[in-house]
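Topology and contacts: notes
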Amino acid sequence: MHVTTRGPVDGPPVLLIHGNCSSSGYWEPLLRHLPQDWRIVAPDLRGYGASPALPVDATRGVRDFADDLAPLLLGFDRPPVVVGHSLGGGVALQLLLDHPDAVAALVLEAPVSPYGFGGTRDLSGTPTTPDFAGTGGGSANPDFVRLLGAADRGTEEQASPRNVMRAFYVASPDSFGDDEELLLDTMLSTFVGDDNYPGTGSASDNWPGVGPGDRGVLNTLSPRWLNLSGIVDLPVKPPITWIRGDQDAIVSDASFFDLAQLGKLGLVPGWPGEEACPPQPMIGQTRAVLTAYGPYTEIVYEGCGHSPHVERAADFAAALAGVVGSA
């Protein structure tokens, strides 16, 4: 596993876990605002950045990623603050489940719902269909997958990585500033294949006709395999800070990556309607679980999208400094 480190080994420890279709380099806009005396450890998850594309067993949820990071978590001289973005937020929650005594505090940035991505209908994570139709590797846009695999840097096709990053990773592409090429590089570091991104799919008799497989990244997030709500029963509960933007188009109650929401908008034909297949209430689910968990703080940035640490780097750094100072 490739790991980027910065700062003295005896400095306040912080473990940064990046999200899907990115790498540790996606933290660069934030790192410029963090104190030099912090001990920063930022790994590339398997299949991203400079780490090897080891296969991902989706039947374990995000545990392959969490198991990879456990030696880093346990290798600090004291429990670190763990920061997870998007998919990385799910990995951070899995680390908390597995090693609650080894986490000083958790910062969840636009995290995946504790009940996974797509295919659930209420705040308790009730499946929309018995086979979790519309989730996992089968839900990926094939044009995006093709262009991502080709490391396309253009804008000619609507589903190009650059266009997706501009449209969905932030509320406004102006937020990237001079970092757009750097951040696109992190996106294009994603290893494409059945064992990595997006993973395998399956046929379903339920709308939209596809379901999750058992290999690859998007299947780790399917509610068939992922349920992180067990944090509410932990005997040790480090404080959690939840940071999100109010214009997040990826993790929201009306996500443009949720096929039920796209069906509701008429963008995926045959949607069976709100009663049969409502969009997933991602924000409501996270809030319900964190409320039951106990010690948590929610920070919402107005006019901000899926990447607060990029769009509001100074504000995010200040919030993180408060967590580190209290840990």
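Residues numbered from 1 in each chain as written. Predicted model: local features only at pLDDT ≥ 70, side-chain atom pairs only at ≥ 80, totals over all residues. Heavy atoms only, no water.

Let us now look at the overall build of the protein chain. Along the backbone of the protein chain there are 11 helices and 11 strands. For 327 residues, the compact-globule formula gives about 20 Å, and the C-alpha radius of gyration of the protein chain, at 18 Å, lands near that figure. Along the three orthogonal principal directions, the C-alpha set of the protein chain runs to about 55 × 45 × 40 Å. With 327 residues in all, the protein chain has 56% of them scored as buried. In the protein chain, of all internal contacts separated by at least 6 residues, the share reaching a separation of at least 24 is 73%. The centroid of the 19 positive side-chain charges in the protein chain is displaced by 2 Å from the centroid of its 39 negative side-chain charges. (Helix = DSSP H or I, 4+ residues; strand = E, 2+ residues; numbered from the N terminus. Rg over C-alpha atoms; globule rule 2.2 N^0.38 Å. Buried < 20%, exposed > 50% of the residue type's maximum accessible area, 1.4 Å probe, protein only. Contact = heavy atoms within 4.5 Å. Lys, Arg positive; Asp, Glu negative; His and termini not counted. Charge placed at Lys NZ, Arg CZ, Asp CG, Glu CD.)

What follows concerns the pairing of strand E4 (residues 81-85). Judged by how many residues are buried, E4 sits mostly within the fold: five of five residues are covered. Taking every second residue as pointing to the same face, both faces of E4 are buried, with Val 81, Val 83 and His 85 on one and Val 82 and Gly 84 on the other. As paired elements, strand E2 (residues 13-17) and E4 share four bridges and run parallel to each other. Bridged to Val 14 within E4 is Val 81. Here E4 pairs with strand E5 (residues 105-109) via five bridges, running parallel. By the bridge assignment for E5, Val 83 is matched with Val 107. Regarding the hand of the β-α-β motif, the stretch spanning E4, helix H3 (residues 87-98) and E5 is right-handed. (Pairing = 2+ DSSP bridges. Right-handed = clockwise from strand over helix to strand, strands pointing away.)

Buried residues of helix H4 (residues 142-149): Phe 144, Val 145, Leu 147 and Leu 148, and no others. Among the structural elements, helix H5 (161-169), helix H6 (180-188), strand E6 (192-193) and strand E7 (197-198) are those in contact with the buried residues of H4. Two or three places before Asp 143, at the start of H4, stands the capping residue Asn 141, its side-chain oxygen 2.8 Å from that residue's backbone nitrogen. Immediately downstream of H4, the backbone of Ala 151 shows phi near 55°, a positive value. (Polar contact = N/O pair within 3.5 Å; in protein donor to acceptor, adjacent residues only side chain to side chain.)

Here we come to the packing of H5 against H6. Packed helix pairs are specified by the crossing angle of their axes together with the interaxial distance, meaning the distance between the axes. With their axes 10 Å apart at the nearest point, H5 and H6 run at an angle of 110° to one another. Classified by the interaxial angle, the pair formed by H5 and H6 is roughly perpendicular. In this structure, H5 contributes Pro 161, Arg 162, Val 164, Met 165, Arg 166 and Tyr 169 to the contact, and H6 contributes Glu 180, Glu 181, Leu 183, Leu 184, Met 187 and Leu 188. Split into classes, the residues belonging to the contact of H5 with H6 amount to eight nonpolar, no polar and four charged. (Axes fitted to C-alpha atoms, helices over the stretch in contact; angles between N-to-C directions. Parallel < 35°, antiparallel > 145°, perpendicular 65-115°, else oblique. Nonpolar A, V, L, I, M, F, W, Y, C, P; charged D, E, K, R; others polar.)

A few words now on the nonpolar core. Ranked by size, the top nonpolar core spans 61 residues in total, and within it Ile 17, Leu 87, Leu 106, Met 187, Tyr 197 and Ile 231 carry the most contacts. Tallying contributions element by element places H3 first for this core, with six residues. One finds Trp 27, Leu 30, Val 107 and Val 323 within the second-largest nonpolar core, a separate group that totals 22 residues. (Core = buried A, V, L, I, M, F, W, Y, C linked by side-chain atoms within 4.5 Å.)

Let us look at the pattern of salt bridges. If you walk through the whole model with that rule in mind, you get 19 salt bridges. Between Arg 287 and Glu 298 there is a salt bridge, and its shortest N-O distance comes to 2.8 Å. Of this pair, Arg 287 sits in helix H9 (residues 282-293) while Glu 298 sits in strand E11 (residues 296-301); the two residues are 11 residues apart in sequence, bridging distant segments of the chain. The class of Arg 287 is partly exposed, set by a relative accessible area of 30%. In this structure, a network of salt bridges that share partners links the residues Arg 153, Arg 162, Arg 166, Glu 180, Glu 181 and Asp 185. (Salt bridge = Lys/Arg side-chain N within 4 Å of Asp/Glu carboxyl O.)

Pairing in this open sheet of seven strands is mixed, and the strands run E1-E3-E2-E4-E5-E10-E11 from one edge to the other. With partners counted over all chains shown, the strands left at the sheet margins are strand E1 (3-6) and E11, one partner each. For this sheet, the mean inter-axis angle between neighbouring strands, taken without regard to orientation, is 15°. Bridge count between E5 and strand E10 (residues 240-245): four bridges; the pairing is parallel. Across the sheet, Val 107 pairs through a bridge with Thr 241, a residue of E10. Strands in contact with H3 are E2, E4, E5 and E10; relative to E4, the strand with the most contacts, it is inclined by about 145°.

This next bit is on the environment of Leu 93. Take Leu 93: it is sitting in helix H3. For the pair formed by Leu 93 and Leu 74, sequence separation is 19 residues and the distance between their alpha carbons is 15 Å. In contact with Leu 93, other than residues within four places in its own chain, are Leu 106, Leu 108, Leu 228 and Ile 231.

Considering all chains together, one arrives at zero disulfides under this definition. With no disulfide partner, Cys 21 has as its closest neighbouring cysteine sulfur the one in Cys 304, 19 Å distant. Here Cys 21 falls in the buried class, since its relative accessible area comes to 4%. Given the relative accessible area of 1%, Cys 304 is considered buried. (Disulfide = S-S within 2.5 Å.)

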